[in-house]
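Here's the letter readout for the chains.
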Amino acid sequence: MTNLDVDPQELLCSEAVGAGAQLLAPREVPLGGPRAMTVRRTLPQRQRSLIGAWCFVDHYGPDLVSESGGMRVARHPHTGLATVSLLFTGGIAHRDSAGYDAIVRPGEVNLMVAGRGISHQEFSTPGTTLLHGVQLWYALPEATRHMAPTFEHHAPEPVVGEGTELRVFLGSLAGSTSPVDTFTPPLLAAEATLRPGARLELELDPALEHGVLLDTGDLALNGAPVPVDHLAYLPVGQGPVVLEAGLSPVRLLLIGGEPLGEQIVMWWNFVGRSHEEVDAHRAAWQSEIDAEPAPAPASGSYEDGAPYPRFGPYPAEQPAPLPAPPLPTVQLRPRG
């Protein structure tokens, strides 16, 4: 990427925030279905594919479930990535093919590591009337992307300051360390809230690049304003940051990670390293759900060593799985 690829209006004040800082605007994306749930996506986009290993950021709500239909995402597959579910209001029930059932609530995190392959579903809980949160993905490095799938749930204790609260879901910040293993190089995910006029100074790890997603409120980042729903990117080498709330209270998400240093191919719900690999994962999913039947591997495992079925088994009497869309007619290109 060169500076010619960046809209000057999407640059933060470099003197205030640091050279290379970038403001990523959201775009609205419907998740599908007759009552499509609309999300605001800030990653990936043309200007930036990754922040550390983070490759996907969707921000949604607050939505009245009576109007939006809530979250109703039937069983679907993942490979080569981990999903991170965070909520501000409401509840989401998770079920996956590795045998995990969990509910995520505000102030908690669900981490699902897909590894060589997993399938899962997510539905708003029956008592949820207002749904508001963020879902993120990060790409697994070569060393762990073929691991067996797993899942963790964590509810961190808040770090309370003068008019501020900080919850560290993944990684370490402000003296708080999450016990959750991300199976990646150093990674960070934290939520901060500030009352009007409050100030929070944080020492960031200079080896990581970071992103600040503003959910709500009037925020200045090192003196530079950040619009609501935007993701402010901070490059490696960033020192202390100062977060200041204006006249309205602030809630933000801070993510960070050591640069992945690998090229990835991301399409639909898969992260791989080549077009052919993603195509093989799609074919396996379509075969396993009988959308495009094909013989099972004679050896009982796929060429990369993943056991058959890669994305199952799955509990019976659940909503029908989502078939994969057709692959693009052009070659999928690595990026990152």
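Predicted model only: the values in this text are computed from it and were never measured.

So, how was this worked out
- Residue positions are given per chain, counted from 1 along the sequence in the order it is written.
- For a predicted model such as this one, the threshold for reporting local features is a pLDDT of at least 70, and the threshold for listing and counting side-chain atom pairs is 80 or more; totals across whole chains, interfaces and linings nevertheless cover every residue.
- With hydrogens and water set aside, each side-chain value is computed from the structure's full complement of heavy atoms.
- Secondary structure counts use DSSP, requiring at least four H or I residues in a row for a helix and at least two E residues in a row for a strand, with both numbered from the N terminus.
- To estimate the expected span of a helix, subtract one from its residue number and multiply by 1.5 Å.
- Any residue under 20% of the maximum accessible area for its type is buried, any over 50% is exposed, and the rest in between are partly exposed; the area is computed with a 1.4 Å probe on protein chains only.
- Throughout, a residue-residue contact means that at least one pair of heavy atoms, one from each residue, lies within 4.5 Å.
- UniProt positions are given in the numbering used here, feature names are shortened, and annotations may be inferred rather than shown by experiment.
- Only buried Ala, Val, Leu, Ile, Met, Phe, Trp, Tyr and Cys residues count toward a nonpolar core, and they belong to the same one when joined by side-chain atoms within 4.5 Å.
- For two strands to be treated as a pair, DSSP must find at least two bridges joining them.
- Axis definition: a line fit to C-alpha positions, over the contact stretch in the case of helices; interaxial angles, taken between N-to-C directions, run 0 to 180 degrees.

Participant: I'd love a proper account of helix α3 (residues 275-288), names of residues and values included.
Facilitator: It helps to recall that an α-helix has 3.6 residues per turn; residues three or four apart then point in one direction. In this model, α3 (14 residues) spans 20 Å end to end at C-alpha, consistent with the 20 Å of a helix rising 1.5 Å per residue. Counting buried positions along α3 gives 10 out of 14 residues, so the element sits mostly inside the fold. Along α3, the residues classified as buried are His-275, Glu-277, Val-278, His-281, Arg-282, Ala-284, Trp-285, Gln-286, Ser-287 and Glu-288. On its buried face, α3 sits against β5 (72-78), β10 (118-124), β25 (265-267) and β26 (270-272). One or two positions beyond α3, positive phi appears at Asp-290, with a value near 65 degrees.

Participant: Could you give an account of the UniProt feature "domain: Pirin C-terminal" (unreviewed entry) in the protein chain, naming the residues involved and the relevant values?
Facilitator: Mapped onto the present numbering, the UniProt feature "domain: Pirin C-terminal" (unreviewed entry) falls at residues 190-287. The span residues 190-287 carries 13% helix and 49% strand; its end-to-end C-alpha distance comes to 39 Å.

Participant: So what's going on with the nonpolar core? Which residues, and what values?
Facilitator: With 38 residues, the main nonpolar core has Trp-54, Cys-55, Val-84, Leu-136, Tyr-138 and Leu-170 as its most contacted residues. Looking at this core, the elements with two or more residues in it are β4 (54-64), β6 (81-89), β9 (109-113), β11 (130-139), β14 (164-170), β17 (187-194), β22 (231-234) and β24 (250-257). Apart from the residues lying within four places of it in its own chain, the contact partners of Leu-170 are Trp-54, Val-84, Ser-178, Val-180, Thr-182, Leu-187, Leu-188 and Ala-189. Counting residues in hydrophobic clusters, the runner-up holds 26 residues, among them Ala-21, Leu-188, Ala-232 and Ala-245.

Participant: Explain the sheet that holds strand β8 (residues 101-104) residue by residue, including any values.
Facilitator: Here 4 strands make up an open sheet; going across it, the order is β5-β10-β7-β8 and the pairing antiparallel. The outermost strands of the open sheet, each flanked by one partner alone, are β5 and β8. Sheet twist, expressed as the average angle between the axes of neighbouring strands with direction ignored, equals 20 degrees. Looking at chain direction, strand β7 (residues 92-96) and β10 are connected through 5 bridges and run antiparallel. Considered in β10, the bridge of Asp-96 is made with His-120.

Participant: Describe the UniProt feature "domain: Pirin N-terminal" (unreviewed entry) in the protein chain, listing the residues and the values that go with them.
Facilitator: Mapped onto this numbering, the UniProt entry gives "domain: Pirin N-terminal" (unreviewed entry) at residues 38-137. The span residues 38-137 is 4% helical and 62% strand by assignment, and the distance between its end C-alpha atoms comes to 18 Å.

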